[in-house]
Amino acid sequence: MKMSKETPEQIRERLRQEEKNSNPTGNMNDAFHKAGTGSFADLGWKGTGILILVLLFVLFIVSIIK
């Protein structure tokens, strides 16, 4: 009866909690591998904007030095 009244978000959260409790090092392992193989999409729009600003700043500094 409880299962039929759960929203999809509640089901996902319950399954996530069950997986976290059954495999506590799995989350750490996933985070470690994601950090090694991350992409620019993981930065979000703020992180991507900051990366672009830093690259432009470095380009500006290099052009002044030469």
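Residues numbered from 1 in each chain as written. Predicted model: local features only at pLDDT ≥ 70, side-chain atom pairs only at ≥ 80, totals over all residues. Heavy atoms only, no water.

1. Structural notes on the confidence of the model for the protein
Just so we agree on the cut-off: pLDDT measures how confident the predictor is about each residue, on a scale from 0 to 100. Elements are defined by DSSP. Helices are runs of H or I of four residues or more, strands are runs of E of two residues or more, and each kind is numbered from the N terminus.
On average, residues of the protein score 81 in pLDDT, and 80% of them are at 70 or above. Taken element by element, the protein is modelled with least confidence in helix α1 (residues 2-5), mean pLDDT 67, and with most confidence in helix α4 (residues 44-65), mean pLDDT 91.

2. Remarks on a nonpolar patch on the surface
Put simply, the test is: Two joining distances apply to patches: 9 Å for like charges and 5 Å for nonpolar side chains (Val, Leu, Ile, Met, Phe, Trp, Tyr), and every residue must have over 30% relative accessible area and no salt bridge. Residue-level accessible areas treat just the shown protein chains as cover; the underlying method is Shrake-Rupley with a 1.4 Å probe. Salt bridges are counted wherever a side-chain nitrogen of Lys or Arg sits within 4 Å of a carboxyl oxygen of Asp or Glu.
Residues I50, V54, F57, V58, F60, I61, V62, I64 and I65 make up a contiguous nonpolar surface patch of roughly 880 Å² in combined accessible area. Here V62 lies in helix α4.

3. Points about the side chain of E6
Under the convention used in this document: Three labels apply to residues, based on accessible area from a 1.4 Å probe with only protein chains included: buried if under 20% of the type maximum, exposed if over 50%, partly exposed otherwise in between. The criterion used for residue contact is that any of the two residues' heavy atoms lie within 4.5 Å.
Examined against the element boundaries, E6 turns out to sit in the loop between α1 and α2 (8-22). For E6, a relative accessible area of 15% puts it in the buried group. When sequence neighbours within four positions are dropped, the list of residues in contact with E6 reads I11 and R14.

4. Considering the pattern of salt bridges
Counted according to the given criterion, the structure contains four salt bridges. The residue R14 makes a salt bridge to E6 at a minimum N-O spacing of 3.2 Å. For R14, the salt bridge goes to E18, with nearest N and O atoms at 3.3 Å. One end of the pair, R14, and the other, E18, are both in helix α2, four residues apart, so they sit about a helical turn from each other.

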